[in-house]
Amino acid sequence: MGMTMTQKILAAHAGLPSVEAGQLIEADLDLVLANDITGPVAIHEVEKLNKKTVFDKDKVALVPDHFAPNKDIKSAEHCKCVREYAKEHDITNYFEVGEMGIEHALLPEKGLIVAGETCIGADSHTCTYGALGAFSTGVGSTDMGCGMITGQAWFKVPSAIKVVLKGKPKKWVSGKDVILHLIGMIGVDGALYRSLEFTGDGVANLSMDDRFSIANMAIEAGAKNGIFPVDEKTIAYMEEHSKKKYTVYEADEDAVYDETYEIDLSTLEPTVAFPHLPENTKTVKEAGEVTIDQVVIGSCTNGRIEDLRTAAEILNGRKVAKGIRTIVIPATQAIYLQAMEEGLVKIFIEAGAIVSTPTCGPCLGGYMGILAAGERAVSTTNRNFVGRMGHVDSEVYLASPAVAAASAVTGKISEPSELGI
Amino acid sequence: MKACGTVHKYGDNVDTDVIIPARYLNSSDPKELAKSCMEDIDPEFVNKVKEGDIMVANKNFGCGSSREHAPIAIKASGISCVIAETFARIFYRNSINIGLPIIECPEAAKEIEAGDTVEVDFDSGMIYDRTKGTEYKGQAFPPFMQKIIKAEGLINYINEKNQA
């Protein structure tokens, strides 16, 4: 029986000629990640292990990004815990404020993960690296801690859903619209315990930043991982960012999939997920009149350079509507610098937006843009659960950078065409 | 091993943000986390819950973030077992890894109501609703996971494996 792309990567890392869905395996890990929220719990847990040293100091990444720069005293203590552990164990890939970025934008940018590798991270959006043709998945702190010490993790080999992408998206339609559309189709548990394997000629029409956004939100459909085939764009990205040797795996032609969905990218419209689940999707045209108080452009889903370019293209020469707090957060220092060099930061500030240092901040209701009761935000982040960005009676509408920027200008959920562009 | 207690019932897609809101994640102390458990979905939970009580929910329980603080908060609040139609996968792993018993059983999840007295036998996977007089067969853990549970979590499992 043929294997899916995910199954092939897992088999290779378990030292097995083949694996099948449902099989329990122990696989070698190429990268193990934690942040300032999940790291301290992992560090506390691994103190109970007999073995104290990390399996490979070059294959552990510790990134304080959620409540960093430290938002309060307790967060400062958490960041300190991670910092001291990194120092004690001589962790190569610890990123202090000044070097750090949002982990899932930072790690690919630093070339720490490439095609064919396995990664676990104590953060649910670790599935982002599937965009590079790697197997990567989110786990909890104990799994992460044990992976950091042993270099291995146990997995139940997932079955898969095949998502065939066709055609080319229209102007102002991005990877975010693709994944929101898919989650709207299959639901927040539509891919529970399974892989989402993207394929089809439409993949070539998606940039790497689009693919990162799509793979990033595979977890919002319940998926174990989301994964893209490796093509010229993937190879160009890896060659630019990494010195690591990559391995290209392809699904067998006779691989078995639980289900197959087809999406014609040319038919997609700017899409928004209404509160309080990412599956509550509507096109912006169907959204009706929804006035807003805040716009957030950033996060591990949409804080990359293309996202900022798109937002800047819309905000250039325009002003955000009076009273709309518009918060732009470049995901990494390199993206921030590039946005400055390209004049994007100037455009944002002249439009009346603010530009923050990299942080997960508002996405999870940490800081840097918390909502009061009754307030609404259009956000390029990944979750719109009850209370996610602040008060339990606030609302988050998930959308692309294009929709977020257009909404900032009009003060209500809008798409760029409403601005005549 | 058995659990017996009063049921706290929830619906579909209970996410980790409502189980333990991120504003409390600047702590990792189980007791402190337990004080805010379920706050955004059921502010009265922390006042109602008694040691040994059982949580029952419908599909995709624990979806969202990977925060292990979610099963830690539930366990520290006194809950002895969570029964659901399905669990989100990271929550499922985390629960096993920290030793919070969880059982998938769609029928039980559907029929058991808030306030019922429910008994769970972890060895057989049987769930008994003592209020209604009904019983259900929950999904037993595969042998591999039973080993982790028997070792009382992943940490001990790895320690035992390394000693062998």
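Residues numbered from 1 in each chain as written. Chains lettered and ligands numbered in written order. Predicted model: local features only at pLDDT ≥ 70, side-chain atom pairs only at ≥ 80, totals over all residues.

It is worth spelling out the overall build of chain A at this point. Helices and strands together make up the secondary structure of chain A, namely 13 helices and 18 strands. Computed over its C-alpha atoms, the radius of gyration of chain A comes to 20 Å, within 12% of the 22 Å expected for a compact globule of 421 residues. Considering only C-alpha atoms, chain A reaches an extent of 60 × 50 × 40 Å along its principal axes. Taking all 421 residues of chain A together, the buried fraction comes to 61%. A separation of at least 24 residues holds for 77% of the contacts in chain A among residues at least 6 apart in sequence. (Helix = DSSP H or I, 4+ residues; strand = E, 2+ residues; numbered from the N terminus. Rg over C-alpha atoms; globule rule 2.2 N^0.38 Å. Buried ≥ 20, exposed ≤ 12 C-beta atoms within 10 Å, placed from the backbone. Contact = placed C-beta atoms within 7 Å.)

Turning our attention to the confidence of the model for chain A. Per-residue pLDDT for chain A averages 98, and the proportion of residues at 70 or more is 100%. Element-level pLDDT for chain A is lowest in strand β1 (residues 24-28) of chain A, with a mean of 94, against a maximum mean of 99 in helix α13 (residues 401-410) of chain A. (pLDDT = per-residue confidence, 0-100.)

Attention shifts here to the interface of chain A and chain B. Each partner contributes residues to the interface: chain A has 43 residues there, and chain B has 36 residues. Across the side of chain A that touches chain B, the residue classes break down as 17 nonpolar, 15 polar and 11 charged. (Nonpolar A, V, L, I, M, F, W, Y, C, P; charged D, E, K, R; others polar.)

Moving on, we come to the sheet that holds strand β2 (residues 31-35) of chain A. Strand pairing in a sheet is mediated by backbone hydrogen bonds. Such pairs are either parallel or antiparallel. Residue and element names in this part refer to chain A. With respect to topology, 5 strands assemble into an open sheet ordered β4-β3-β2-β5-β6, the strand pairing being parallel. Edge positions in the open sheet fall to β4 (93-94) and β6 (135-138), since each of these has one partner strand only. In the sheet, β2 pairs with strand β5 (residues 118-121) via 3 bridges, with the strands oriented parallel. Looking across to β5, one finds that Val 32 is bridged to Ile 120. Relative to the sheet, helix α2 (residues 38-46) contacts β2 and β3 (60-63), its axis offset from that of β2 by approximately 115°. (Pairing = 2+ DSSP bridges. Axes fitted to C-alpha atoms, helices over the stretch in contact; angles between N-to-C directions.)

Residues and elements named next belong to chain B. The strand order across the open sheet built from 7 strands is β4-β3-β2-β1-β5-β6-β7, with neighbouring strands paired in mixed fashion. The strands lining the two open edges of the sheet, one partner per strand, are β4 (102-104) and β7 (134-137). Between one strand axis and the next, the sheet turns through 25° on average, direction left out of account. Relative to β7, strand β6 (residues 126-129) runs antiparallel, the two being bridged by 4 bridges. Within the sheet, the bridge partner assigned to Met 126 lies in β7 and is Lys 137.

The subject of this paragraph is helix α8 (residues 232-241) of chain A. All names here are of chain A. Every buried residue belonging to α8 is among Thr 234, Tyr 237 and Met 238, and all of these are buried. Looking down the long axis of α8, one finds its buried residues gathered within 95° of arc, a one-sided arrangement. The outward face of α8, more than 90 degrees from its buried face, is lined by the exposed residues Glu 232, Ala 236, Glu 239 and Glu 240. Summarising the contacts, the buried residues of α8 are in contact with α7 (208-216). (Arc of directions from axis to C-beta.)

Residues and elements named next belong to chain A. At the junction of Ala 68 and Pro 69, the peptide bond is cis and its omega measures out at -5° in the coordinates. By the secondary structure assignment, Pro 69 is in the loop between β3 and α3 (73-88). Here the bond from Pro 275 into His 276 is cis, since omega is 0°, no more than 30 degrees from zero. With respect to the element layout, His 276 can be found in the loop between β12 (271-273) and β13 (281-283).

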